[in-house]
Amino acid sequence: MGRILGVDYGESRIGLALSDLAKIIASPYCTIPNRNPVWLKNKIQEIILEKEIESFVIGLPIGMNGQDTIQTKKVRSFAKLIEQFNIIIYFQDERLSSQSAKRSLVMQNIKTGHNKNFIDDTAAAIFLQQFLDSKSNI
């Protein structure tokens, strides 16, 4: 029984969130720099082994009109990069997750201006929780 890793992919930072072992609760985990593909694959592999990851939920930034954006294509390319791990990849609509994360952090009196990493891993936790909630109704 493993965990699910939520991934909020960005060009400079990648926010990560983890489910608990029962796959009920998502929590922010960390933010990693998006240095280069080789470093990124190695870092993801470390996390897979350390946290016993059995699937990924990658936030898909679909435009407000429901269409793919330039960032959507970049996220799909990232998904292709990690397909080599032979771990199931799910996509979750992440529209407005960063705004929700920022609002949540502000309500907790956490300054977000210089702490963008908190926004990224909190956003990952938000859409991972949405994914977990949608699966619990099945």
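Everything here concerns the structure above.
Nothing here was measured: the structure is a model prediction, and the numbers come from that model.

Visitor: Sorry, what's going on with helix 1 (residues 37-51) here?
Guide: Helical geometry note: an α-helix holds 3.6 residues per turn, so side chains three or four residues apart project in the same direction. The end-to-end C-alpha distance of helix 1, which contains 15 residues, comes to 21 Å, matching closely the 21 Å that a straight helix rising 1.5 Å per residue would cover. Among the residues of helix 1, those classed as buried are Leu-40, Ile-44, Ile-47 and Ile-48. Considered in projection along helix 1, the buried side chains sweep an arc of 105° and stay on one side of the axis. In helix 1, those exposed residues whose orientation departs by more than 90 degrees from the buried face are Val-38, Leu-49 and Glu-50.

Visitor: Before we go on, may I ask you to explain the packing of aromatic side chains in this structure?
Guide: How two aromatic rings sit relative to each other is given by the distance of their centres and the angle of their planes. According to the stated counting rule, one finds 2 aromatic pairs in the structure shown. Taking NZ or CZ as reference, Arg-35 lies 4.4 Å from the ring centre of Trp-39, over its face. Here the basic side chain of Arg-76 rests over the ring of Phe-91, its NZ or CZ set 5.7 Å away from the ring centre.

So, how was this worked out
- Residues numbered from 1 in each chain as written.
- Predicted model: local features only at pLDDT ≥ 70, side-chain atom pairs only at ≥ 80, totals over all residues.
- Heavy atoms only, no water.
- Helix = DSSP H or I, 4+ residues; strand = E, 2+ residues; numbered from the N terminus.
- Expected span 1.5 Å × (residues − 1).
- Buried < 20%, exposed > 50% of the residue type's maximum accessible area, 1.4 Å probe, protein only.
- Arc of directions from axis to C-beta.
- Phe/Tyr/Trp six-rings, centres within 6.5 Å; stacked < 30°, edge-to-face > 60°.
- Lys NZ or Arg CZ within 6 Å of the ring centre and 35° of its normal.

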